[in-house]
Amino acid sequence: MDEIFGIPLPLLFGQLLLGLINGAFYAMLSLGLAVIFGLLNIVNMAHGAQFMMGAFAAWMLLAWFGIGYWWALIIAPIIVAITGIILEKLFISRLYKLDHLYGLLLTFGLALIIEGIFRNEFGSSGLPYRIPPELSGAWDLGFMFMPVYRGWVVVAALVLCLATWLLIEKTRLGAYLRAATERAELVQAFGVNVPRMITLTYGFGVGLAAIGGVLAAPIYSVNPQMGSNLIIVVFAVVVIGGMGSIMGAIVTGFALGIVEGLTKVFWPEASATVIFVIMAIVLLARPAGLFGRA
Amino acid sequence: MRLNRRSLLAAGAATGAFAGHRRSARAQAANTIRLGVLSDMSGPYRDTTGPGSVVLTRQAVQDFGSRGFEVEVLQADHQNKPDVGANIARQWFDQGVDVVIDLPTSSVALAVNNVAREKNKVHLNSGAASSDLTGAQCSPNTVHWTYDTYMLAKSTGAAIVKQGGDSWYFITADYAFGHALERDTANFVRGAGGKVLGAARYPFPATTDFSAFIVQAQASRAKVLGLANASTDTVNAIKAAREFGLQRNMKFAALLMGVVDIKSLGLESAQGLLLTEAFYWDLNDRTRALTERVRAKNEGRPPAMVPAGCYGATLHYLKAVANLGVAQAKASGIEAVNRMKAMPADDDAFGASTIRVDGRCLHPGYLFEVKSPGESRNPWDLYKLVATTPGEEAFRPLAEGGCSLVKT
């Protein structure tokens with residue numbers, strides 16, 4: 001049998017592979033969001049704007065300083081993380097004791113401001129950023145051509161996701177952080193500097209978004225709206241996975257990437273909505289999300 | 001201030017001057033043509049229309065010179081929302097604005113089209129793609145300059161089939177504009193003897209990643225990839241297509257794309273693309289002269305197609321006003337547009353053009369191929385001219401439009 005529902009098998013495998021690659025992006029972005037929400041209880045609506053800042057930082061490093069892609073992978077997230085830390089110290093830290101909604105509103109407003117500033121400066125059309133020569137070209141897999149760069153994205157995303165999960169679940173630093181979100185006063189009584197840890201965690205989550213932006217810059221148009229298109233889907237992924245669960249965000253990101261990829265083959269017009277349909281079903285059946293703790 | 005004769009005289013003089021100023025201001029308002037540029041100033045089309053359209057409109061006013069009446073230029077952002085656009089237009093018309101100009105985004109253009117007709121003002125459209133503006137929705141108050149979906153489809157579609165691209169696969173934005181562009185182009189492809197092997201319609205504006213559709217296009221084995229979308233979607237689709245090596249076996253037809261999009265894609269990725277524009281800054285001496293006049297005011301860039309259309313339309317409108325008389329032009333938008341249709345147009349951007357009875361302005365469509373980085377001699381040297389379709393053939397024939405103004 002070399003067709004399923006009228007779609008030839010090779011095409012199907014190709015689309016599954018593409019779905020996996022998209023899933024890698026979703027996983028990485030939703031990981032940053034899950035870290036920030038799970039550990040800080042802040043719904044970071046500015047995540048998409050920070051993703052966009054990562055891509056722009058990579059572009060600026062190349063266009064203004066001649067610093068190439070590989071260094072940008074390290075420098076850009078650090079720059080954006082520092083701006084995230086400044087925002088946290090100035091604005092977000094005042095809202096920890098309040099309802100989630102305030103954090104959501106604040107970060108949403110910040111996202112709009114950031115996007116507006118970039119649009120004023122750079123216009124809305126986007127800026128070119130090339131795939132680094134070491135990663136250009138494609139492998140002929142027989143059933144499709146797989147661009148080398150996309151393979152790199154999957155590998156990089158997997159490494160980052162697993163490293164983050166290990167850091168938070170299996171190291172002492174991660175244990176302190178998890179303890180601090182449950183009983184901050186107690187942890188502080190043991191001599192751990194909790195506010196500094198929280199600030200650094202926010203910076204880390206922002207850095208994850210920014211490195212996603214650097215990875216995205218060669219393949220998606222680098223424009224001020226690029227984050228807002230992605231962020232809604234990423235939120236859906238985090239909600240499905242469970243708002244506080246790191247592993248949930250990673251697994252769900254990849255899984256939903258594959259589901260979306262399959263939808264693009266069989267019913268392309270629905271590919272943007274299928275994730276939200278799944279989110280609605282999951283919320284009805286398991287309100288805490290697939291991996292979430294209520 | 002002490003109340004003495006001197007201060008009373010000063011107060012009297014001031015009041016007199018103020019009253020006199022108001023009287024002359026009213027008289028002046030009757031002798032002032034007010035143009036409103038209604039465009040996307042902050043959204044996705046800001047770079048291809050927006051502030052550039054305002055700059056070119058002001059340039060047209062400047063080039064028109066002074067012929068006995070004042071011209072004032074206003075601007076506003078319709079945010080690509082039909083209700084916002086219609087409200088601004090209505091408010092403007094009630095406050096004495098005579099013309100709305102530009103109106104990108106077809107849904108807004110069609111909404112404002114109705115308002116202009118209702119208030120008997122003038123709608124000079126340069127930015128919208130919908131050929132309905134001179135078809136089913138045609139209006140005696142409207143002139144459609146620059147381009148529409150039919151002209152893009154015919155110039156790009158038919159020309160590519162003639163070059164050997166006789167099998168097409170479309171990637172289409174799943175809304176009215178994308179459907180119209182795909183439908184019009186497919187008609188021309190089939191009319192020229194080609195075939196349409198398939199189409200992938202993706203959700204708009206929610207799609208950033210086009211890899212799935214690119215792979216489907218690859219599997220179809222078509223010779224031409226037709227991109228029935230615009231702006232960021234086109235850029236993302238072409239980036240993905242090049243990543244997957246599609247350019248080895250397929251030609252890319254960008255059905256709506258301009259110099260600004262090419263810049264944001266980069267020549268490296270854009271080289272070889274075929275696209276149609278109605279204006280290019282480096283086309284001839286007149287367009288180059290206009291570009292020099294305007295460049296410094298236009299963020300250092302040459303004009304794009306839609307702002308150039310605002311220039312041509314504004315200039316011709318002002319000439320029609322001078323011919324008709326300010327009072328009559330202000331009193332009736334239909335009269336002003338009729339005078340525009342009666343007079344032949346000529347400007348540095350489009351050369352000689354005529355406006356048909358359905359409001360369609362006829363000027364040539366130019367098929368361009370994007371240069372490679374090696375061929376480009378300066379940052380905005382992006383195109384080489386491949387073919388020209390003369391104005392009378394570039395647009396939909398009068399009889400086929402379904403416009404009520406066309407008397408058969």
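Here's what I pulled together on the structure shown here. None of the values given here were measured: they were computed from a predicted structure.

**Regarding the nonpolar core**
Phase 1 of the analysis: Judged by nonpolar contacts, the single largest core of 223 residues is most densely connected at A210 of chain A together with I171 and L225 of chain B.
Phase 2 of the analysis: No other element matches helix α1 (residues 9-40) of chain A, which puts 18 residues into this core.
Phase 3 of the analysis: Split by domain, the residues of this core number at least three in each of domain 1 (32-147 + 284-363) and domain 2 (150-277 + 365-393) of chain B.
Phase 4 of the analysis: With sequence-adjacent residues up to four places away left out, I171 of chain B is seen in contact with A200, Y202, F210, F213, A217, L225, L227, A228, N229 and A237 of chain B.

**Here we look at the sheet that holds strand β5 (residues 142-144) of chain B**
Residues and elements named next belong to chain B.
Phase 1 of the analysis: Reading across the sheet, the 5 strands line up as β2-β1-β3-β4-β5 and stay open at both edges, with parallel pairing between neighbours. At either end of the open sheet lies a strand with only one pairing partner, and these are β2 (70-77) and β5. Each strand axis lies, on average, 20 degrees off the axis of its neighbour in the sheet, ignoring direction.
Phase 2 of the analysis: Of the pairings in the sheet, the one linking strand β1 (residues 32-39) to β2 comprises 8 bridges and is parallel in character.

**Notes on the environment of S167 of chain B**
All names here are of chain B.
Phase 1 of the analysis: Of note, S167 is situated in strand β6 (residues 167-173).
Phase 2 of the analysis: Distance from S167 to P104, taken between C-alpha atoms, is 31 Å for residues 63 residues apart in sequence.
Phase 3 of the analysis: Apart from residues no more than four positions distant in its own chain, S167 is found in contact with G194, K195, L197, A222, K223 and V224.

**Here we look at the pairing of strand β8 (residues 224-228) of chain B**
Residue and element names in this part refer to chain B.
Phase 1 of the analysis: With respect to burial, β8 is a largely interior element, 5 of its 5 residues being buried.
Phase 2 of the analysis: The side-chain alternation of β8 yields two buried faces, one formed by V224, G226 and A228 and the other by L225 and L227.
Phase 3 of the analysis: Note that β6 and β8 share 5 bridges and pair parallel. Considered in β8, the bridge of T172 is made with A228.
Phase 4 of the analysis: In this sheet, strand β9 (residues 251-254) lies alongside β8 in parallel orientation, the contact comprising 4 bridges. Across the sheet, the residue bridging to G226 is A253, located in β9.
Phase 5 of the analysis: Handedness of the crossover joining β8 and β9 through helix α8 (residues 231-243) is recorded here as right-handed.

**Considering helix α2 (residues 50-64) of chain B**
All names here are of chain B.
Phase 1 of the analysis: Look at α2: 22 Å from first C-alpha to last across 15 residues, which is about the 21 Å you get at 1.5 Å a residue.
Phase 2 of the analysis: Burial analysis of α2 places 12 of its 15 residues in the buried class, which makes it a mostly covered element.
Phase 3 of the analysis: Of all the positions in α2, only G50, P51, G52, S53, V54, V55, L56, T57, R58, Q59, A60 and V61 are classed as buried.
Phase 4 of the analysis: Contacts from the buried residues of α2 go to β1, β2, β3 (99-102), α11 (285-294) and α12 (305-324).

**With respect to the interface of chain B and chain A**
Phase 1 of the analysis: The partner chain A presents 33 residues to the 33 residues of chain B that form the contact.
Phase 2 of the analysis: Those elements that provide at least two residues to the side of chain B that touches chain A are β7 (195-202), α7 (211-220), α8 and α9 (259-265) of chain B.
Phase 3 of the analysis: At 6 residues, the largest contribution of residues to the side of chain B that touches chain A is made by α8 of chain B.

**Let's talk about α7 of chain B**
Phase 1 of the analysis: The buried fraction of α7 of chain B is high, at 9 of 10 residues.
Phase 2 of the analysis: Tucked into the core, α7 of chain B has its buried residues touching α1 and α10 (246-266) of chain A together with β6, β7, β8 and α8 of chain B.
Phase 3 of the analysis: Looking at the residues trailing α7 of chain B, positive phi occurs at R221 of chain B, about 60 degrees.

**Some words on the pairing of β1 of chain B**
Residue and element names in this part refer to chain B.
Phase 1 of the analysis: Here β1 lies mainly inside the structure; 6 of its 8 residues are buried.
Phase 2 of the analysis: Each parallel crossover has a hand, and the one from β1 via α2 to β2 is right-handed.
Phase 3 of the analysis: Both β1 and β3 contribute to a ladder of 4 bridges, which runs parallel. Within the sheet, the bridge partner assigned to L38 lies in β3 and is D102.

**A word on the sheet that holds strand β12 (residues 351-355) of chain B**
All names here are of chain B.
Phase 1 of the analysis: In space, the 3 strands of this open sheet follow the order β11-β12-β13, with antiparallel pairing throughout. Lying at the two open borders of the sheet, with one neighbouring strand each, are β11 (345-347) and β13 (361-362).
Phase 2 of the analysis: Where β11 lies against β12, 3 bridges are found, and the strand directions are antiparallel. Looking across to β12, one finds that D347 is bridged to G351.

What counts and what doesn't
Residues numbered from 1 in each chain as written. Chains lettered and ligands numbered in written order. Predicted model: local features only at pLDDT ≥ 70, side-chain atom pairs only at ≥ 80, totals over all residues. Core = buried A, V, L, I, M, F, W, Y, C linked by C-beta atoms within 7 Å. Buried ≥ 20, exposed ≤ 12 C-beta atoms within 10 Å, placed from the backbone. Helix = DSSP H or I, 4+ residues; strand = E, 2+ residues; numbered from the N terminus. Domains from an automatic or database assignment. Contact = placed C-beta atoms within 7 Å. Pairing = 2+ DSSP bridges. Axes fitted to C-alpha atoms, helices over the stretch in contact; angles between N-to-C directions. Right-handed = clockwise from strand over helix to strand, strands pointing away. Expected span 1.5 Å × (residues − 1).

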